[in-house]
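Okay, here's what each chain looks like letter by letter:
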Amino acid sequence: MPKSVFLHLLLAALLAGCASDTDLPASPDDRVAALKERVRELYQQARESGQKVPKDALEWARQDLHRIGDWEYKIVDLPREDAQSRQARLNELGAERWEAFWMEPVGDGIRVYLKRRSRSWLEKLPLSELRRLVPSGGGE
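In what follows, the accompanying structure is described. Remember, it's a predicted structure, so these values are computed and weren't measured experimentally.

Helix and strand content of the protein chain: 5 helices and 3 strands. The order of α-helices and β-strands along the protein chain, N terminus first, is α-α-α-β-α-β-β-α. Counting the 140 residues in the protein chain, one finds 23% classified as buried.

This is the structure in structure tokens:
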């Protein structure tokens, strides 16, 4: 199955999973139009949040789908100052969704290893229909 066809089917399934049966448009053409509108809304939200996004919303959706379940990592060296200052810096990082998973002393400071889930806008949509569309053979 060509990737573009699969992506359109996947996005249609995502839209179908995010609404109740009474909320869904009646015809397949209306469902596709509603899907495109929902993706445009999420694309616009991503742009407004400051995320660097491609000019093409479909390319953005393709990239966003690949981010689902990914992690980002960051390493920060904190000086050995008072515990209150370190705590304040860790709280700042926590507010940015970073989670410390390891710390170790280095030189005159502490090295902190952090992780956070990559942000995916499309993961907000239920994936209940995804299984039906994924080809079982794994090929294109």
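Hydrogen bonds between backbone groups are what pair the strands of a sheet, and the pairing can be parallel or antiparallel. Overall, antiparallel pairing links the 3 strands, which are arranged β1-β3-β2 in an open sheet. In the strand order of this sheet, the two ends are held by β1 (71-79) and β2 (99-106), each with one partner. Strand-to-strand, the axes of this sheet are offset by a mean angle of 20 degrees, without reference to chain direction. Alignment of β2 against strand β3 (residues 109-117), held across 7 bridges, turns out to be antiparallel. Each bridged residue has a counterpart across the sheet, and for Ala100 the counterpart in β3 is Leu114. Each of β1, β2 and β3 touches helix α4 (residues 83-95); the most contacted strand, β1, lies at about 165 degrees to it.

A few words on unusual backbone geometry. For residues other than glycine, phi is negative in most cases, and the peptide bonds are mostly trans. At Arg97, a residue that is not glycine, the phi angle is positive and equals roughly 75 degrees. Residue position: Arg97 is located in the loop between α4 and β2.

For the coordinates displayed, the defined rule picks out 3 aromatic pairs. Aromatic ring contacts, followed pair by pair, group Tyr73, Phe101 and Tyr113 into a single cluster.

The next thing to look at is the pattern of salt bridges. This model, assessed by the stated rule, comprises 3 salt bridges. Residue Arg116 pairs with Glu72 through a salt bridge whose shortest N-O separation is 3.4 Å. Of this pair, Arg116 sits in strand β3 while Glu72 is found in strand β1, placing the two residues 44 residues apart along the sequence. Overall, the relative accessible area of 18% leaves Arg116 in the buried class. Judged by its relative accessible area of 29%, Glu72 is partly exposed. Linking Glu92 and Arg89 is a salt bridge whose minimum nitrogen-to-oxygen distance equals 3.2 Å. With Glu92 and Arg89 both in helix α4 and 3 residues apart, the pair spans about one turn of that helix. Exposure remark for Glu92: the relative accessible area of 44% places this residue in the partly exposed category.

This next bit is on the pairing of β3. When β1 meets β3, the two strands line up antiparallel, connected through 9 bridges. Within the sheet, the bridge partner assigned to Pro79 lies in β3 and is Gly109. Remark: 2 residues form the turn of the hairpin made by β2 and β3, two consecutive strands paired antiparallel; Gly107 in that turn has positive phi of roughly 50 degrees.

Further remarks concern a nonpolar patch on the surface. Taken together, the side chains of Trp71, Tyr73, Phe101 and Trp102 define a hydrophobic patch exposed on the protein surface, amounting to about 500 Å² of accessible area. By secondary structure assignment, the location of Tyr73 is in strand β1. Overall, Tyr73 belongs to the exposed group, its relative accessible area being 55%.

In this section: the nonpolar core. Counting 10 residues, the largest nonpolar core consists of Val39, Leu42, Tyr43, Ala46, Ala57, Trp60, Ala61, Leu65, Trp121 and Leu122. Put simply, the parts of the chain that give this core at least two residues each are α2 (28-48) and α3 (57-67). Counting 7 residues, the second-largest nonpolar core is a separate cluster that includes Val76, Leu78, Trp98 and Leu114.

Definitions and limits used
Residues numbered from 1 in each chain as written. Predicted model: local features only at pLDDT ≥ 70, side-chain atom pairs only at ≥ 80, totals over all residues. Heavy atoms only, no water. Helix = DSSP H or I, 4+ residues; strand = E, 2+ residues; numbered from the N terminus. Buried < 20%, exposed > 50% of the residue type's maximum accessible area, 1.4 Å probe, protein only. Pairing = 2+ DSSP bridges. Axes fitted to C-alpha atoms, helices over the stretch in contact; angles between N-to-C directions. Contact = heavy atoms within 4.5 Å. Phe/Tyr/Trp six-rings, centres within 6.5 Å; stacked < 30°, edge-to-face > 60°. Salt bridge = Lys/Arg side-chain N within 4 Å of Asp/Glu carboxyl O. Patch = residues over 30% accessible without salt bridge, like charges linked within 9 Å, V, L, I, M, F, W, Y side chains within 5 Å. Areas by Shrake-Rupley, 256 points an atom, 1.4 Å probe, with all protein chains shown as cover. Core = buried A, V, L, I, M, F, W, Y, C linked by side-chain atoms within 4.5 Å.

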